[in-house]
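Next come the chains, spelled out residue by residue.
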Amino acid sequence: MYKYAFLSKYLSAVRPPPLAGLLRFESNSAKISNCSFPARTLTQTLCLHTNTQNLSSKRRSQSQQREMKYVLVTGGVVSGLGKGVTASSIGVVLKACGLRVTSIKIGAAITFNGLICVADPYLNTDAGTMSPFEHGEVFVLDDGGEVDLDLGNYERFLDVTLTKDNNITTGKIFQSVIEKERKGDYLGKTVQVVPHITDAIKDWIESVAAIPVDGKEGPADVCVIELGGTVGDIESMPFIEALRQLSFSVGQDNFCLVHVSLIPVLGVVGEQKTKPTQHSVRELRALGLTPHLLACRSAQPLLENTKEKLSQFCHVPAANILNIHDVPNVWHVPLLLRNQDAHDAILKQLNLLSMAMPPSLQDWTMMAETCDNLTNSVRIAMVGKYVGLTDSYLSVVKALLHACIACSLKPSIDWIAASDLEEDSAKSTPEAHAAAWETLKNAECILVPGGFGDRGVSGMILAAKYARENKIPYLGICLGMQIAVIEFARSVLGLERADSNEFDTNTPDPVVIFMPEGSRTHMGSTMRLGSRRTLFQTPDCITAKLCGNPQYVEERHRHRYEVNPEVIEILEENGLKFVGKDETGKRMEILELPSHPFYVGVQFHPEFKSRPRRPSALFLGFILAATGKLEAHLKSHQNGI
């Protein structure tokens, strides 16, 4: 019995027995009279046990190598500090180190200029029904997700393609938990914020982090998470608790917290104040999270004594206190982080130093310096509904910047409220009316972006008419395309009451109508959304030549109303050509006016796919036309130059 116990002890051990012990045991095994295992079988059994242990250890090692690393970016003191740009820039630097990066945004963005301050994460399931005046633009993804504008920053900075699940809102989490409760998945338990809501948040983060977003197979190496709002907001408490639990469950080598805070300077004293950041860090630590790095926003570079004070009272090493001071353009932010060795601090915390290389950011350096040194500019009239908050058209502004830099130009955007161009404003606000028209007439090109509702539509129609009649380059996006159709129908076809059913349900000449891919009653997730293919009807059109593909282009959509198929024939007979249609041939996607240097309208949103190093073809053509270089550009590309 003693020898059987001895055998059991070895077989059940966590570690395999030492080789000497095995040899001694093998020599004695033949002497065990009641043992049913012959000496050879016993050796094989023990070797099999040893091999199994080694295989399991190897698999655990491989699993540990594939474990997701998380970088959490939080904010304190005030909103609007630029957590999104900071998180995106961290991703850029890590990607430059050779790592694969994905990102998640929790909640909504606060506008970077600090004009709007609202609490988030919000209860909406997505950003689709939010006012642009409160949260800026609604960014649209390939899969049709209507998400926070910060995901646009992530896509532009990291050159990735995210999904709607990369944007987590309180509404989505609550909805998923309630649906599970209704189905009985909790087996009669009392559903509570802890653990059910927090578990749902953790599960969502871990599952989404594993989705590849860079076109390669397998999960990324690092997931950058931005938590919207400021630490201490009641709305973000479940997320803070979930992230605290996540940091504990994944282990300290897999979690890095970067806290973005403000270092204000009082005008009278002129001293950089650290007390707001101290209180913010104390609040964060009281909630169970300790920052590994501080990203301090300030107007001027931090002084050494300011860093020392922050290090002493926030318990963060001075080397891990980063300064993101004001810079000429946001492309400098990754360079700021690189120059302060932020990547080393993050990689060390995540135990990734061995698999990373020094960051290569030559392209970013060139872009940032090029943008700083531009002298020649092009005047662009942006005629829209939400010009009071420029973040409402953030992606359009970025696409214009990308195109202008490709042309070695600096964008000079003149914001024109469409309502100021209308005849009614000449009586109510004559000064604003005169200024708007003067600005429009001095512009080298005119852009009418997307929007909803009838406010300002008459002014947009007047802008489109001015561009058409005076041969000014015109680009109409979504609503801007529909405006071009309405204006053409009224001015050229003589249909004075031509309109969209969105603005006038009783119009006798509905040239823009509601198409059946949606609902009239529910506003959320009911539009034609996401990436769709547009087929060119002729390879000789300007758009096809700019895109470099004579067959089709794939762009993202966000709209309910489209050009009425019944009026296409009469419009084309009078000179307006629809050179791009969807795969059914019923939806008009691109219009051009061949008699005009550049008069283009698109139903989709090309701005969402524009990248710093790959500007949107349509925006590039728009800027080239404004500077008189479009024809030469098309000829050079046609000849393969």
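Residues numbered from 1 in each chain as written. Predicted model: local features only at pLDDT ≥ 70, side-chain atom pairs only at ≥ 80, totals over all residues. Heavy atoms only, no water.

With an unreviewed UniProt entry as reference, the protein chain is termed CTP synthase, source organism Dovyalis caffra. According to its UniProt record, the protein chain has this under Sequence similarities (unreviewed entry): "Belongs to the CTP synthase family." (UniProt positions renumbered as here; feature names shortened; annotations may be inferred.)

## A look at the environment of Leu-123
Structurally, Leu-123 is set in the loop between strand E2 (101–106) and helix H5 (132–135). Exposure remark for Leu-123: the relative accessible area of 61% places this residue in the exposed category. With 49 residues separating them along the chain, Leu-123 and Lys-172 place their C-alpha atoms 7.8 Å apart. When sequence neighbours within four positions are dropped, the list of residues in contact with Leu-123 reads Thr-170, Gly-171 and Phe-174. (Helix = DSSP H or I, 4+ residues; strand = E, 2+ residues; numbered from the N terminus. Buried < 20%, exposed > 50% of the residue type's maximum accessible area, 1.4 Å probe, protein only. Contact = heavy atoms within 4.5 Å.)

## A few points about the sheet that holds strand E18 (residues 561–563)
Taken together, three strands build an open sheet; the order of strands is E14-E15-E18 and the sheet is mixed. Single-partner strands in this sheet number two, and they are strand E14 (498–500) and E18. The average undirected angle you get between the axes of adjacent strands in this sheet is 30 degrees. When strand E15 (residues 509–514) meets E18, the two strands line up antiparallel, connected through three bridges. From the neighbouring strand, Ile-513 faces E18, where its bridge partner is Glu-562. (Pairing = 2+ DSSP bridges. Axes fitted to C-alpha atoms, helices over the stretch in contact; angles between N-to-C directions.)

## Quick look at the environment of Glu-241
With respect to the helices, strands and loops of the structure, Glu-241 is situated in helix H9 (residues 237–250). Sequence separation of Glu-241 and Lys-202 is 39 residues, and the distance between their C-alpha atoms is 9.9 Å. Those residues within four positions of Glu-241 in sequence are excluded, and the remaining contacts are Val-194 and Thr-198. One polar contact links Glu-241 to Gln-245, side chain to side chain, over a distance of 2.8 Å. (Polar contact = N/O pair within 3.5 Å; in protein donor to acceptor, adjacent residues only side chain to side chain.)

## Regarding helix H10 (residues 275–286)
Taking 1.5 Å of rise per residue, the twelve residues of H10 would be expected to cover 16 Å, and the 16 Å separating its terminal C-alpha atoms lies within 8% of that figure. For H10, the complete set of buried residues consists of Thr-277, Gln-278, Ser-280, Val-281 and Leu-284. What you see down the axis of H10 is that its buried residues fit within an arc of 165 degrees, all on one side. Along H10, exposed side chains directed more than 90 degrees from the buried face belong to Arg-282 and Ala-286. Contact partners of the buried residues in H10: strand E1 (69–75), strand E7 (255–262), strand E8 (293–298) and helix H11 (304–314). Downstream of H10 by a residue or two, Gly-288 has a phi angle that is positive, lying close to 100 degrees. (Expected span 1.5 Å × (residues − 1). Arc of directions from axis to C-beta.)

## Quick word on unusual backbone geometry
Across the junction of Val-194 and Pro-195, the peptide omega takes the value 15 degrees, indicating a cis bond. For Pro-195, the location among the structural elements is in helix H8 (residues 193–209). Positive phi, close to 55 degrees, is recorded for Asp-159, a residue that is not glycine. By the secondary structure assignment, Asp-159 is in the loop between helix H6 (150–158) and strand E5 (167–168). Phi angles above zero are rare outside glycine, and His-315 is one such case at about 60 degrees. Mapped onto the elements of the fold, His-315 is located in the loop between H11 and strand E9 (321–325).

## Some details on the environment of Tyr-599
With respect to the element layout, Tyr-599 can be found in strand E21 (residues 599–602). What makes Tyr-599 buried here is its relative accessible area of 1%. Residues Tyr-599 and Tyr-474 lie 125 residues apart in sequence; the distance between their C-alpha atoms is 4.8 Å. For Tyr-599, the contacting residues outside a window of four places in its chain are Ala-464, Ala-467, Arg-468, Tyr-474, Ala-484, Glu-487, Leu-591, Glu-592 and Leu-593.

## Focus: the sheet that holds E2
With parallel pairing, the seven strands of this open sheet are ordered in space as E5-E2-E6-E1-E7-E8-E9. Looking at which strands have only one partner, the edges of the open sheet turn out to be E5 and E9. Note: E2 against strand E6 (residues 222–227), six bridges, orientation parallel. Residue pairing for E6: Val-101 is matched across the bridge by Val-222. Against the sheet, H8 touches E1, E2, E5 and E6, its axis set at about 150 degrees to E2.

## Concerning the packing of helix H12 (residues 332–339) against helix H14 (residues 362–373)
Where H12 contacts H14, the two axes come as close as 9 Å, and the packing angle between them is 125 degrees. For the element pair H12 / H14, the angle class is oblique. Read as a crossing pair, H12 and H14 show a hand that is left-handed. For the pair H12 and H14, the contacting residues are His-332, Pro-334, Leu-335 and Arg-338 in the first and Trp-364, Thr-365, Ala-368 and Asp-372 in the second. In the contact of H12 with H14, the residues fall into four nonpolar, two polar and two charged. (Parallel < 35°, antiparallel > 145°, perpendicular 65-115°, else oblique. Left-handed = near helix turned anticlockwise from the far one by under 90°. Nonpolar A, V, L, I, M, F, W, Y, C, P; charged D, E, K, R; others polar.)

## Side note on the nonpolar core
The biggest cluster of nonpolar side chains holds 54 residues, and the ones touching the most others in it are Val-71, Ile-90, Leu-94, Val-258, Trp-331, Ile-346 and Trp-364. For this core, the leading source of residues is helix H4 (residues 83–96), giving seven residues. Dropping the residues within four chain positions of it, Ile-346 is found in contact with Val-71, Ile-90, Leu-94, Cys-256 and Leu-293. Grouped together as the second largest cluster of nonpolar side chains are 45 residues, Leu-421, Leu-440, Ala-467 and Leu-493 included. (Core = buried A, V, L, I, M, F, W, Y, C linked by side-chain atoms within 4.5 Å.)

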